[in-house]
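# Tertiary structure, described
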Amino acid sequence: MPGTTTWPPRLLVVGLGNLPYPNTRHSVGHVIVDALAARFGIHMSINRSVGGFIGHSDVLSFSDDIVSLALFKPKPLMNITGPSVASALRNTVKLPASMVVVHDSLDHKVKVLSVKLGGSANGHNGVRSVIDALGANADFYRFRIGIGRDRAVDPAKYVLSDMPLDELLHWNGVGLDRVCSELGRIASRDRAIRHPGT
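This section reports on the structure supplied with the text. Note that the structure is a prediction, hence the values are computed from the model and not measured.

Attention shifts here to the overall build of the protein chain. When helices and strands are tallied, the protein chain shows 6 helices and 7 strands. The order of α-helices and β-strands along the protein chain, N terminus first, is β-α-β-β-β-α-β-β-α-β-α-α-α. Evaluated residue by residue, the protein chain yields a buried proportion of 52% over its 198 residues. Partitioning the contacts of the protein chain with sequence separation of at least 6, the portion at a separation of at least 24 is 70%.

What follows is the structure in structure tokens.
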């Protein structure tokens, strides 16, 4: 409508991981948030009120869309990360459907990105903590990042092992391109939710 201001869609991207164990398979969510921050020049700084590192840029280009993007890396360890994520959500985009949680997945092949909206935690303790902190509201996006599995290695040890260099390079390159493409699609849906009819 003439004279109507249409604000850009808003997204919060949360990378799950353990800050004391950077660049491990379990911290691939942190790796991807750091890669997004580097690509778009977003400065991440500690925010003690929300419990983690947060950064924001008013306008970013994902494909042909412009979005207002917040990035967040929780400071608490993975299994108790929910309250800080809920706090970041309240202080940024408000709507769970405007939040993307990036986390590792043993059930997906290496370098695979699988997008999911809602549903159970599928055994991922970090995602379960987020759902619990949101009052059992699971209506947020998950970017499940495939790390594969080694049947000969205990899963707890496997996820805390260092990511191979080729995987790190992937999620800073063509893998990040795919992440950005999917964020663009979600941003378009967010615009429709916040500004129906535009």
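Next, the rest of the story.
With that out of the way, let us pick up the environment of Leu-36. Within the fold, Leu-36 resides in helix 1 (residues 28-40). A C-alpha to C-alpha distance of 8.4 Å links Leu-36 and Cys-180, two positions 144 residues apart in sequence. Not counting chain neighbours up to four residues away, the residues in contact with Leu-36 comprise Val-13, Leu-71, Leu-176, Val-179, Cys-180 and Leu-183.

Quick look at the pairing of strand 1 (residues 10-15) now. Each regular strand shows side chains that alternate between the opposite faces of the sheet. The buried fraction of strand 1 is high, at 5 of 6 residues. Relative to strand 5 (residues 99-105), strand 1 is paired through 4 bridges, and the arrangement is parallel. Paired with Leu-12 across the strands is Met-99, a residue of strand 5.

Another point: the packing of helix 2 (residues 82-90) against helix 3 (residues 125-133). For the pair helix 2 and helix 3, interaxial distance at closest approach is 7 Å and the crossing angle is 55°. Considering the angle they form, helix 2 stands oblique to helix 3. Between helix 2 and helix 3 lies a crossing of right-handed hand. In this structure, helix 2 contributes Gly-82, Pro-83, Val-85 and Ala-86 to the contact, and helix 3 contributes Ser-129, Val-130 and Ala-133. Grouping the constituent residues of the contact of helix 2 with helix 3 by class yields 5 nonpolar, 2 polar and no charged.

Under the counting rule described, the total for this entry stands at 6 salt bridges. Asp-34 is the salt-bridge partner of Lys-73, the closest N and O atoms lying 2.9 Å from each other. Placement of the pair is Lys-73 in strand 4 (residues 65-74) and Asp-34 in helix 1, with a sequence separation of 39 residues. Looking at Lys-73, the relative accessible area reads 11%, which means it is buried. Across the salt bridge formed by Glu-182 and Arg-185, the nearest N and O atoms sit 2.9 Å from each other. With Glu-182 and Arg-185 both in helix 6 (residues 174-194) and 3 residues apart, the pair spans about one turn of that helix.

By the element assignment, His-124 lies in the loop between strand 6 (113-117) and helix 3. Judged by relative accessible area, which is 11%, His-124 ranks as buried. Setting aside residues no more than four positions away along its own chain, His-124 makes contact with Leu-16, His-26, Met-78, His-103 and Asp-104.

Okay, the side chain of Arg-144 next. Considering the arrangement of structural elements, one finds Arg-144 in strand 7 (residues 141-146). With no salt bridge to any partner, buried Arg-144 finds its closest opposite charge in Asp-107, at an N-O distance of 7.2 Å. One polar contact links Arg-144 to Ser-114, side chain to side chain, over a distance of 2.7 Å. In contact with Arg-144, other than residues within four places in its own chain, are His-103, Ser-105, His-108, Val-112, Leu-113, Ser-114, Val-115, Lys-116 and Asn-122.

Cut-offs applied
Residues numbered from 1 in each chain as written. Predicted model: local features only at pLDDT ≥ 70, side-chain atom pairs only at ≥ 80, totals over all residues. Heavy atoms only, no water. Helix = DSSP H or I, 4+ residues; strand = E, 2+ residues; numbered from the N terminus. Buried < 20%, exposed > 50% of the residue type's maximum accessible area, 1.4 Å probe, protein only. Contact = heavy atoms within 4.5 Å. Pairing = 2+ DSSP bridges. Axes fitted to C-alpha atoms, helices over the stretch in contact; angles between N-to-C directions. Parallel < 35°, antiparallel > 145°, perpendicular 65-115°, else oblique. Left-handed = near helix turned anticlockwise from the far one by under 90°. Nonpolar A, V, L, I, M, F, W, Y, C, P; charged D, E, K, R; others polar. Salt bridge = Lys/Arg side-chain N within 4 Å of Asp/Glu carboxyl O. Lys, Arg positive; Asp, Glu negative; His and termini not counted. Polar contact = N/O pair within 3.5 Å; in protein donor to acceptor, adjacent residues only side chain to side chain.

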